[in-house]
Every structure is written in structure tokens, then in C-alpha cells.
Amino acid sequence: MGETVREPEGTVAGEEGPEAASPEPGMGILRVFGRQMKRFRLRAGLERSEVGARTGYSVSTITSYELGRRIPPPRFIDVADELLDAGGVLREMKEEVARAQYPAFFRDVARLEVEAVELHAYDTHVVKGLLQTEAYARAVFTMRRPLLDEETIEQRVTARLLRQEIFSRWPAPLMSFVIEEAVLRRPIGGAEVLRGQLEQILLIGQKRNVEIQVMPTLREDHAGLAGSFTLIETGSGQRITYAEVQKSSNLYTERTSVRELEAQYGIIRAQALTPRESMAFVEGLLGES
């Protein structure tokens, strides 16, 4: 990989809920899946209504899958492959279909998360996607401008929650998160949504492989003024930094660039509250709500 992979203009970045300006990226695999599914359905002599009845989905949903307009969940693909006697053809596309849930520029990052043995993130505007509750994530996506349609919002929320399987993996990756105090006070989605989000942060912060720290607003020394970023190390020893700003997203792989941000992250962590102090701080915020 080169030093930096930049997404072209026209892509709205932001780990908190990016959306490509065009729906085309990633849709190719959905069309291929849909055509194959229709071919196997016709070969089996089944109507869409029959497939829907046997899989628990509506006719309109089955139609959308065949036309490549909606992303079928993994469980549906497994059932459809068996029902239509597809011989594993549909199952073989399951991973690529799942990747289509993400905006094009974020797919490599989602893959790297799956391979991560270490993941460290500093965030300045919203709670990291890996830490978000369903309600918080839905609120974030709903606030996107230009507006996302309801179907896209649901796809993005589902994809975000699936990424959180990283917390149940074994061996467990080592993870740390530094969150700006202002993020924890911003009532995105309303007071109840924020309260649920703070409770989730406390819950995840109790995991042995996770450390969460808060950067107080009143800190005079702050090494993170250039914005948020994520550090990832894979099992093969590859170290990557992912950063976003407005309409661009960057993957840095060149060692000098990654090392600079690793050093910056170390300073940020040193300037933030300790993990124990941070959990007490979050508990205090809950007491205020």
C-alpha cells in the first residue's frame, strides 16, 4: 500500500456516519447477488412470495434483494442458499455483500478492524462508532446532511452494530479510546439517548482489554488539536492510521507517518484523565442527568 489512500471529492467522510455522494460504490456485488438469487429461484420453480413465506421476508423485500436495491443479512443468505439449492454460490458472496453495508471509503477500515490485534482511537465530535448504542447511532445518521433515506439509515445502523463484535472476539484485541469531554456532554438524540450512551461507555470500559479516557475541556496542554484519528495494528504486524476530515478520508501506512501519530496519541493519553478517573467522570455525568 502507498503512504496515503485518499478518497476523491464527492465523498462525505466521517466515521460518525459517512455516506457516499453516489449510491453506486458497492452496489455491483448486490446486483450480482440479486441476479444469481433470481436465477436459482426460477430454476427451483418458486415465486417470490413462496421464497418470502419460507424465509420470513415480505415479497417487496425479496424483490429488492433480487434487484440489488437492499443488502440481505447473512442469515437470509444462508437460508436462501439452502432453500434454492444454490450449492454454496450465494454463501460465497456473503462477505462481499456484508462489506457493501459500508460507504466505499470505509470498507478497508472495516476489514482492518476485523484483523486488528490493537485498536486505539481519539475522537472529538461524537462517540466512536465502536462504542455507540443503537439509539445514539441512529440519531447520528438521522442528523446527516444531506439527509439519508430511512433504508440507508437502517443499513448503516446495522453495519455499525455488527462492527461491535470486536468486543466479543478471542483472542481479545487491545483497545483504548480517548474521548473529548464535550462529546460526552453533547445530547445527541436527546437526554435519554445520551444517558444510555454514557451507561454503555461505563459497561465497555469495564472490559479487561479496553481502556477509555476522557480529555477534559479545561486542559491547557492538548496534543490532539489537529483532529480525531484511529490507530490499528493487524495480526501480521501491519500498522495503519485512519483519519477523516469533512469530504476526505485517509489511510496512512508509511511508517514515518504512522509513527508520528502513534507518538501523538501517546501524548494525548498522558494529558487525559486516567482510565479510573475517566470512569468516575462518566459516572458523575450520569449523576447530573
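Throughout this description, residue numbers start from 1 for each chain and increase along the sequence as written. Local features in this predicted model are restricted to residues whose pLDDT is 70 or higher, and side-chain atom pairs enter the listing and the counts only when it is 80 or higher, whereas totals over whole chains, interfaces and linings include all residues. Working from all heavy atoms in the structure, the side-chain values ignore hydrogens and water.

Chemist: Explain the overall build of the chain residue by residue, including any values.
Modeler: When helices and strands are counted, the chain shows 13 helices and nine strands. Split into buried and exposed, the 289 residues of the chain put 50% on the buried side. When checking whether two residues touch, look at their non-hydrogen atoms; a contact exists if any pair is within 4.5 Å. Partitioning the contacts of the chain with sequence separation of at least 6, the portion at a separation of at least 24 is 74%. Looking at the chain as shown, the accessible area adds up to about 14400 Å², and 52% of this sits on carbon and sulfur atoms. Only runs of H or I of at least four residues qualify as helices and only runs of E of at least two qualify as strands under DSSP, and these elements are numbered from the N terminus. Exposure classes here rest on a 1.4 Å probe applied to the protein chains alone. A residue is buried below 20% of its type maximum, exposed above 50%, and partly exposed in between. We get accessible surface area from the Shrake-Rupley algorithm with a probe of 1.4 Å; when it comes to residues, only the shown protein chains can shield them.

Chemist: Summarise the packing of aromatic side chains; cite the residues concerned and give the values.
Modeler: In this description, a pair of aromatic rings is defined by centroid distance and the angle of the planes. Note on aromatic pairs: the rings of Phe, Tyr and Trp (six-membered ring only in Trp) are paired at centre separations within 6.5 Å, and the planes decide the class, stacked below 30 degrees, edge-to-face beyond 60, tilted for the rest. Per the counting criterion, the structure on display carries five aromatic pairs. The interplanar angle of 75° and the centroid separation of 6.2 Å between the aromatic rings of Phe229 and Tyr265 together place this pair among those described as edge-to-face. Remark: Tyr265 occurs in helix H12 (residues 255-271) and Phe229 occurs in strand S7 (residues 229-234); sequence separation between them is 36 residues.

Chemist: So what's going on with helix H11 (residues 191-205)? Which residues, and what values?
Modeler: Helix span is expected to be 1.5 Å times the residue number reduced by one. In a regular helix each residue adds 1.5 Å, so 15 residues correspond to 21 Å; H11 covers 21 Å between its end C-alpha atoms and thus fits that length. Residues of H11 that are buried in the fold lie against helix H8 (134-142), strand S5 (174-180), helix H10 (181-185), strand S6 (210-215) and helix H13 (275-288).

Chemist: Mind laying out the nonpolar core, listing which residues take part and the relevant values?
Modeler: By nonpolar core is meant a set of buried Ala, Val, Leu, Ile, Met, Phe, Trp, Tyr and Cys residues that side-chain atoms within 4.5 Å join together. Ranked by internal contacts, the top residues of the largest apolar core, which has 40 residues, are Leu131, Tyr136, Phe167, Phe177, Leu184, Ile201 and Ile212. The leading source of residues in this core is H11, at six residues. Those residues in contact with Ile201 that sit more than four places away from it in its chain are Val127, Ile179, Leu184, Ile212, Met279 and Val282. In this structure, Leu30, Phe33, Leu46 and Tyr57 belong to the second largest nonpolar core, which totals 19 residues.

Chemist: Could you give an account of the packing of H8 against helix H9 (residues 150-163), naming the residues involved and the relevant values?
Modeler: Axes here refer to lines fitted to C-alpha atoms; in helices the fit is confined to the stretch in contact. Angles between the N-to-C directions go from 0 to 180 degrees. Following both chains from N to C, one finds H8 and H9 inclined at 140°, their axes separated by 9 Å at the closest point. The angle between H8 and H9 falls in the class oblique. The interaxial crossing formed by H8 with H9 has right-handed handedness. Judged by residue contacts, Glu134, Ala137, Arg138, Phe141 and Thr142 of H8 engage Ile153, Glu154, Arg156, Val157, Arg160 and Leu161 from H9. When residue character is reported, Ala, Val, Leu, Ile, Met, Phe, Trp, Tyr, Cys and Pro are called nonpolar, Asp, Glu, Lys and Arg charged, and the others, Gly included, polar. Looking at the contact of H8 with H9 residue by residue, the class counts come to five nonpolar, one polar and five charged. An angle below 35 degrees is treated as roughly parallel, one above 145 as roughly antiparallel, one from 65 to 115 as roughly perpendicular, and anything else as oblique. The hand of a helix crossing depends on one turn: near helix anticlockwise from the far one by less than a right angle means left-handed, and clockwise means right-handed.

Chemist: Give me the lowdown on the environment of Thr241, citing residues and values where you can.
Modeler: Positionally, Thr241 belongs in strand S8 (residues 239-245). Distance in space between the C-alpha atoms of Thr241 and Ala121 is 9.6 Å, their sequence separation being 120 residues. Those residues in contact with Thr241, other than ones at most four positions away along the chain, are Phe229, Thr230, Leu231, Asn250, Leu251, Tyr252, Val258 and Leu261.

Chemist: Account for the pairing of strand S4 (residues 116-123), naming residues and giving values.
Modeler: Of all eight residues making up S4, six are buried, and the element is well covered by its neighbours. As judged from the six bridges shared by S4 and S7, these two strands associate in the antiparallel manner. Residue pairing for S7: His120 is matched across the bridge by Leu231. Two strands are said to pair when DSSP picks up at least two bridges between them. Here six bridges tie S4 to S5, and the two strands are oriented parallel to one another.

Chemist: Explain unusual backbone geometry residue by residue, including any values.
Modeler: Going from Arg145 to Pro146, the amide bond is cis rather than trans, its omega being 0°. With respect to the element layout, Pro146 can be found in the loop between H8 and H9. One non-glycine residue, Asp85, lies in the positive phi region at around 55°. With respect to the helices and strands, Asp85 occurs in the loop between helix H4 (74-83) and helix H5 (89-92).

Chemist: Can you break down the pattern of salt bridges residue by residue, with the values?
Modeler: By convention in these notes, a salt bridge is any Lys or Arg side-chain nitrogen within 4 Å of a carboxyl oxygen on Asp or Glu. Enumeration according to the criterion identifies 17 salt bridges in this entry. Residues Glu211 and Arg269 are paired through a salt bridge, measuring 2.6 Å at the closest nitrogen-oxygen approach. Residue Glu211 is located in strand S6, and its partner Arg269 is located in helix H12; the two are separated by 58 residues in the primary sequence. Three or more residues joined by partner-sharing salt bridges are found here, namely Asp78, Asp81, Arg91 and Lys94.

Chemist: Please provide a residue-by-residue account of the packing of H11 against H13, values included.
Modeler: Relative placement of two packed helices is described by the angle separating their axes and the distance separating the axes. Interhelical geometry of H11 versus H13 gives an angle of 155° and a closest axis separation of 10 Å. Taken together, the axes of H11 and H13 are roughly antiparallel relative to one another. The handedness of the crossing between H11 and H13 comes out as left-handed. Every residue of H13 that contacts H11 at Arg195, Leu198, Glu199, Ile201, Leu202 and Gly205 is listed here: Met279, Val282, Glu283, Leu285 and Leu286. By residue class, the composition of the contact of H11 with H13 is seven nonpolar, one polar and three charged.

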